[in-house]
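# Coordinate analysis (summary)
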There are 2 protein chains.
Amino acid sequence: MSVYLNDIPLQEAQERLQKALSEAGLWQVLGEEEITLDEGALGRVLSRPVWARLSSPHYHAAAMDGFALRAEETAGAMPSNPRVLKTDEQAVYVDTGDPLPDWANAVVPIEQVEPVGAQGEPTDDLRHPIQIRIRMSLPPWTYVRPLGEDIVATQLILPAGSIVTPVSLGAIAASGHSTMWVSRKPRVAVLPTGTELVPVGHKVQRGDIIEYNSIVLAAQVNAWGGEAKRFTITPDRFELICEAVQRAADCYDLVLLNAGSSAGSEDFSSRVVEQLGELLVHGVAIRPGHPVILGMIRRSEQGGGAAKQVPIVGVPGYPVSAALTGEIFIQPLLARWTGNAAPLQPLEIEATLTRKVTSPAGDDDYMRVAVGEVGGRMLAAPASRGAGVITSLVRADGITVIPRGVQGLEAGAAVKVRLYRKPAELKNTIFVIGSHDMTLDVLAQYLTERGRRLVSANVGSQGGLVALRRGEAHLAGSHLLDPQTGEYNLSAIKQYLPNLPVRLVTWVGREQGLIVPKGNPKQIISLTDLTREDIHYINRQRGAGTRVLLDFHLQKMGIIPQDIRGYDQEEYTHLSVAAAVASGRGDCGLGVTAAAYALELDFVPLFHERYDLVIPCSFFEGDLLTPIFDLMADGEFLKAIHTLPGYDTSQMGNIVLDCWNNYADLFKGGL
Amino acid sequence: MSVYLNDIPLQEAQERLQKALSEAGLWQVLGEEEITLDEGALGRVLSRPVWARLSSPHYHAAAMDGFALRAEETAGAMPSNPRVLKTDEQAVYVDTGDPLPDWANAVVPIEQVEPVGAQGEPTDDLRHPIQIRIRMSLPPWTYVRPLGEDIVATQLILPAGSIVTPVSLGAIAASGHSTMWVSRKPRVAVLPTGTELVPVGHKVQRGDIIEYNSIVLAAQVNAWGGEAKRFTITPDRFELICEAVQRAADCYDLVLLNAGSSAGSEDFSSRVVEQLGELLVHGVAIRPGHPVILGMIRRSEQGGGAAKQVPIVGVPGYPVSAALTGEIFIQPLLARWTGNAAPLQPLEIEATLTRKVTSPAGDDDYMRVAVGEVGGRMLAAPASRGAGVITSLVRADGITVIPRGVQGLEAGAAVKVRLYRKPAELKNTIFVIGSHDMTLDVLAQYLTERGRRLVSANVGSQGGLVALRRGEAHLAGSHLLDPQTGEYNLSAIKQYLPNLPVRLVTWVGREQGLIVPKGNPKQIISLTDLTREDIHYINRQRGAGTRVLLDFHLQKMGIIPQDIRGYDQEEYTHLSVAAAVASGRGDCGLGVTAAAYALELDFVPLFHERYDLVIPCSFFEGDLLTPIFDLMADGEFLKAIHTLPGYDTSQMGNIVLDCWNNYADLFKGGL
């Protein structure tokens, strides 16, 4: 068994790798190549400084269209006392950029010149008159761009390590170069392994896992200046993996060995590394990503290149772990190998954490967060923590690292977020929280086209109102029935937001009913069926409007929740209720029509309900939310919503409660 | 003559173009294509939203290596009261990621299992025992990743308009897609025109201008999601340009017609547009960039594609104007055409302007600035304003727009800077100011390798000390001789920095002398030659150490400055003095050996002088400047300096004045 099985701190892992690379002569730029100056060079890294070969301009150049002349010969000229100069001898027409004749030291702009003929008579030939008349005296070097104004030969244009940009291509060309030396792109082999894997595009069976980590890793490598080669999937057989790794090590600069997700598969990786070289690290105290493996593989006799060893990174199988392993270990290595002096340094901002999180004390914990500005405060909302949830990375606006030794953070804590996005995008971010509705996905699409980004968190209707009170979102979706009044949302707002003026706007009407398997095999037709012994119900979480609706009707019908199997099993969205029914984990669940239809299930309609948006009045000041209101009257958008079944938009945009009413309500006790 | 000859405001110009494009059906995504999910898709823009086809996981998956079982059958199990389950019937081994059997609803981790044989005896066969013993009770769904935990089929994965990143490739694959729809890349023709132009790599003659604008424009187009095609240079002949433009318009989505730098050449462009289509704008009130032309070209009968018209941008010839025209007009158009929902939005920061600038009131003035943090203040130092100075764009850290109607800004004004660089790079920026020395270029290169960026401004030794006093730089290079004492820099520091504790460190010793043409044709051997009638001198600016040195020796030798021709003609660096001599603009100038040798000139050594670094003590607190001190003892760096002629590093690093001494000096009046 390996001595490295215990996780070691990140820094120590990085130091071990760096030491091994230094000893192998690989902690430096791998090589360089000379390439031509064209748009294909974009993003490459200069391996040598660029010193100017040529000055720019490389001669004294006219800075205006006009006549080049000797400044001395205009001495004393003035409006009432012109000088006349003979062309060719004393003055020569020049366009901007033209070289001055050797004898000239100034240019008079064409607008200041009177072209005249041999006898001094005016002429229309602006460019080739016989003489010119000038009524101004020019100091030497007027309207001349002297040699070297921009660039003086031998000066430093760009240091080695610079990344080639469009304008730097211009400066390199201007300084007399037609080629430049750049570091060669490190060649990286990406090896997916796992018997359970199937390539993208193949029909998946139960138990198949779509192999996409290699695509993510290859794309990362390319984005960071390397050149990735994706190998085909190697099944979990020791000798086959050894063979593939050796083949990769012989021809590439770096091997990324992506293990399957099981612990067994990771052990395979470490044994392969021990077999073919040296295992440096097995397990790093980071989360997610623990089972990272670092090592050096010996090149075989047939192996190309000067290096005798090739580093290998055993990348964990879970997709979030894999992508973070790329950021933490592979990106810095590629920066070193390309000599990139300014590698990807994410912008770091301060934000306020929206909810409490716990973290294992022994690990550096890389927490994905959504970031947005709400009411002038920058907020960081932790996303799903699971290593398997690739969507958490796609939706993440940044990463907050909870360092080793810290066991968690309280809500309201100030955290640093390494941003994946530009801050300008965050300003266009609308945080919507509360109850989930599928029309919000459609809204997200339409808002994107209008320069807004909708970030939604599904915490149920009540949770949404609480979040609004805490100033953690711009609006909340809510469908909270008041069992006393039969009204929607009004009493909840009074209860949860007594001091926050809001506007309550109707969004959609929708059907709620029981989501059941195709064909409704158990013949469920009403809530009374839920207590049947053969029925396993899928419930929504406390605070969800659908849960309130259920409880209201159960009470009305005299049904005791404890009699319902599965009543304690909570899901957080309509779609996950539907997914649970689709998977056979339950027999039915209350939800909206669209969720049932989306997963090709059947639907037993029971109730019609109103789904509203609750918007604090202070957010009407800017134009952040304007596109939402525009869309409420947008025919194309309404059509898109109607393609989802069970929705009614007839009341969309109705203002149920406006800021003023609310204020009035608040102060009706007397002011 | 065109009605559009007068510059119009930027916004109006953009609106005219947008209106014309809308009418032509071209103010929208140009088209889309279906591409496979791989690393080649990086940076493309989704033209359709991605809705999940498949849930992820798409079955109930084991979240640990262990045994799948029915949770009910573990009820009541505890350390003292184990349950024994038969494998295959009641428990089945699963790896992480494996699907659960239909009848199972929980996974017990392998570490919690005692594998036993038929008689209950322990066995080593972890995976295939006959029975397993369990001493814990598992709630249903323990260690199971339920179907849809990450992705539920039909949910929105990414909205149209998203840019494809490595992780988004993963999420799209995970949701059951093997291809995606992206907007097609707009095809952009880049046409350089001008008889004076020569392609990169050709030998240049006087008057030749190296054509590199097309490279910069093509690289911009590619960086912004287009596909550029560079045409060969068309000489300034009307019918040839018409032909090239028509050919380009027939096959491309956008034509960039890059005029020569002369006013005449620009008129050509507008006449071509009028001939082949409609001229929309001729001249925009922006600086630099005025002569921008916007228009629509009619496609000929042979022209491909559905569009009947193709937009054309007449790009000015000056390189800075050309690059900014790209940013202002072409980038937004490409973002529109690709449907990019988050186009390049430069980060905007606030900074303090270091010096007064003037600006034409009628123009939006795009001023390039260097940005760095000095003593906790973010400073913006305006770079050269010339439209011809491409290096000003390369060195620029950002752009400050002085809007129309504002005629200038005072030093100390708060300005907004649109950053070209990441803020983290600015934190690594060392501002060096003062006297120019060629070893600073070498230093810049070596600092780059050590994660620092050296930004230098050459304002002369005195100017440097003044800038330090104003807190505008981290260090100053100075070689100010005190005529009274013969000492370097000490008295100047006392005079200019009475209240700022600094460390004065010797950098290099160097020779100063007269830079003369190869072979010294006028036989100049000492300062006394400067008053000769046939000698035209090139001087340095007031405050430059070299100027002080000259004046000191002139006075000592009784030479009257007014007797020196060219005494009033000031250059700002040693290299520009050398360039002036090389070009024949003058016969000699005082400067350092290296400058003469760099331009292959001759050198008449006259004086030896000391060049020091002046560093405020407060900047020793962080580690920003540490690499400079490390380099003073770095053999490789010293070797690099010795390759420049005339330098002596024997005293490098000597501390002439330390903070304490300085304090002592300050307070010696009594404290």
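Let me sum up the structure you'll find in this document. Everything numeric here is computed off the predicted structure, so don't read it as measured data. Throughout this document, residue positions are counted from 1 along each chain, in the order its sequence is written. Here the convention is simple: chains get letters from A, ligands get numbers from 1, in the order in which they are written. Residues qualify for local features only when their pLDDT is at least 70, as the model is predicted, and side-chain atom pairs are given and counted only at 80 or more; totals for whole chains, interfaces and linings, by contrast, use all residues. As a convention, hydrogens and water are excluded, and side-chain values are obtained from all of the structure's heavy atoms.

## Focus on the overall build of chain A
Put simply, the rule reads: Put simply, DSSP marks the helices as runs of H or I at least four residues long and the strands as runs of E at least two long, and each gets a number from the N terminus on. Only C-alpha atoms enter the radius of gyration, while the globule expectation follows 2.2 Å times N to the 0.38, with N the number of residues. Accessible area is worked out with a 1.4 Å probe on protein chains only. A residue is then buried under 20% of its type maximum, exposed over 50%, and partly exposed in between. The contact rule is simple, with two residues in contact once any of their heavy atoms fall within 4.5 Å. For accessible areas, the Shrake-Rupley method is used with a probe of radius 1.4 Å. Any residue's cover is judged against the shown protein chains and nothing else.
The secondary structure content of chain A amounts to 17 helices and 38 strands. Its C-alpha atoms give chain A a radius of gyration of 35 Å, clearly above 26 Å, the size a compact globule of 671 residues would have. Dimensions of chain A along its principal axes, counting C-alpha atoms only, are 115 × 80 × 45 Å. When burial is assessed residue by residue, chain A has 58% of its 671 residues classed as buried. Taking the contacts inside chain A whose residues are at least 6 apart along the sequence as the reference set, 76% of them involve residues at least 24 apart. With an accessible surface of roughly 26800 Å², chain A has 50% of that area assigned to carbon and sulfur atoms.

## Considerations on the relation of the copies chain B and chain A
Our working definition: When the copies are superposed, the least-squares fit draws on C-alpha atoms of residues that have pLDDT of at least 70 in both.
You can overlay chain B on chain A at an RMSD of 0.1 Å; the transform is a turn of 180 degrees with a shift of 0.0 Å along its axis. With respect to symmetry, the two chain copies, as superposed, fit the operation of a two-fold axis. Mapped onto chain A, 98% of the interface residues of chain B again fall at the interface, so both copies present the same surface.

## A few points about the environment of Glu301(A)
Residue and element names in this part refer to chain A. Mapped onto the elements of the fold, Glu 301 is located in the loop between strand 20 (293-298) and strand 21 (309-315). Classification of Glu 301 as exposed rests on a relative accessible area of 77%. The spacing of Glu 301 and Asp 250 is 51 residues in sequence and 8.6 Å in space, taken between C-alpha atoms.

## Here we look at the interface of chain B and chain A
Selection rule: Accessible-area loss on putting two parts together, using a 1.4 Å probe and summing over both, is the definition of buried area adopted here. The working definition used for a salt bridge is a side-chain nitrogen of Lys or Arg within 4 Å of a carboxyl oxygen of Asp or Glu.
Contact with chain B, which involves 104 residues of that partner, is made by 102 residues of chain A. Overall, the association of chain B and chain A removes approximately 8200 Å² of surface from exposure, summing both partners, and the carbon and sulfur fraction of that is 65%. Counting across the chain B and chain A interface gives four salt bridges. Residue Arg230(A) pairs with Glu39(B) through a salt bridge whose shortest N-O separation is 3.1 Å.

## Focus: the side chain of Asp253(B)
Residues and elements named next belong to chain B. Note the cut-off: Polar contacts, as used here, are pairs of N or O atoms within 3.5 Å; protein pairs need one atom able to donate a hydrogen and one able to accept it. Residues neighboring in sequence count only if both atoms are side-chain atoms.
With respect to the helices and strands, the residue Asp 253 is situated in the loop between helix 4 (238-251) and strand 17 (254-258). There is a polar contact of 2.8 Å between the side chain of Asp 253 and the side chain of Arg 184. A polar atom in the side chain of Asp 253 sits 2.7 Å from the backbone nitrogen of Arg 187. Contact partners of Asp 253, with chain neighbours within four places excluded, come to Leu 30, Arg 184, Lys 185, Pro 186, Arg 187, Arg 299, Val 310, Pro 311 and Trp 337.

## Examining the packing of aromatic side chains
Residue and element names in this part refer to chain A. Basically, it comes down to this: Each pair of aromatic rings taken from Phe, Tyr and Trp, with Trp reduced to its six-membered ring, is defined by centres within 6.5 Å and is described as stacked if the planes are under 30 degrees apart, edge-to-face if over 60, and tilted in the remaining cases. Note on geometry: a ring has a charge over it if NZ (lysine) or CZ (arginine) is within 6 Å of the ring centre and within 35 degrees of the ring normal.
Using the criterion set out here, one finds twelve aromatic pairs over all chains in the structure. Between Phe 620 and Phe 629, the ring centres sit 5.5 Å apart and the planes meet at 40 degrees, which makes this aromatic pair tilted. Since its relative accessible area comes to 25%, Phe 620 is described here as partly exposed. Members of the aromatic cluster, each reached through a chain of ring pairs, are Tyr 446, Trp 507 and Phe 637. When the ring centre of Phe 238 is taken as origin, the NZ or CZ atom of Arg 271, which lies over that ring, is 4.7 Å away.

## Here we look at the packing of helix 1 (residues 10-23) of chain A against helix 6 (residues 319-338) of chain A
Any two packed helices are characterised by how steeply their axes cross, that is the angle between the axes, and by the distance between the axes. All names here are of chain A. For clarity, the threshold we go by: Between the N-to-C directions of two axes lies an angle of 0 to 180 degrees, each axis being a line fitted to C-alpha atoms and, for a helix, fitted only over the stretch in contact. For a crossing to be left-handed, the near helix must be turned anticlockwise from the far one by less than a right angle; the clockwise case is right-handed. In this classification, Asp, Glu, Lys and Arg are treated as charged, Ala, Val, Leu, Ile, Met, Phe, Trp, Tyr, Cys and Pro as nonpolar, and every other residue, Gly included, as polar.
Close contact between helix 1 and helix 6 brings their axes to 12 Å; oriented N to C, the two are set at 35 degrees. Crossing angle aside, the handedness with which helix 1 passes helix 6 is right-handed. On helix 6, the residues that touch Leu 10, Ala 13, Gln 14 and Leu 21 of helix 1 are Ile 328, Phe 329, Leu 333 and Trp 337. Across the contact of helix 1 with helix 6, the residue classes tally to seven nonpolar, one polar and no charged.

## A closer look at the sheet that holds strand 4 (residues 66-69) of chain B
Residue and element names in this part refer to chain B. What counts is decided by this rule: Following DSSP output, two strands are said to pair if at least two bridges run between them.
Here three strands make up an open sheet; going across it, the order is 6-4-7 and the pairing antiparallel. This sheet does not close on itself; its edge strands, each paired only once, are strand 6 (91-94) and strand 7 (106-109). On average, each strand axis in the sheet is tilted by 35 degrees relative to the strand beside it, whichever way the strands run. Bridging between strand 4 and strand 7 involves four bridges; their strand directions are antiparallel. Its bridge partner lying in strand 7, Leu 69 is registered against Ala 106.

## Considering the pairing of strand 35 (residues 588-592) of chain A
Residue and element names in this part refer to chain A. Within strand 35, five of the five residues are buried, leaving the element largely enclosed by the surrounding structure. Note: strand 32 (residues 502-516) against strand 35, four bridges, orientation antiparallel. Bridge pairing in strand 35 links Gly 513 to Gly 591. Here strand 33 (residues 537-540) pairs with strand 35 via two bridges, running parallel. Counterpart to Tyr 537 in the pairing with strand 35 is Cys 588.

## Overview of the sheet that holds strand 4 (residues 66-69) of chain A
All names here are of chain A. Pairing is antiparallel across the open sheet formed by three strands, whose spatial order is 6-4-7. Of all strands in the sheet, those bounded by a partner on one side alone are strand 6 (91-94) and strand 7 (106-109). Taken over all neighbouring pairs, the strand axes of this sheet differ in orientation by 35 degrees on average, direction set aside. Bridge count between strand 4 and strand 6: four bridges; the pairing is antiparallel. Looking at strand 6, one finds that Leu 69 is bridged to Ala 91.

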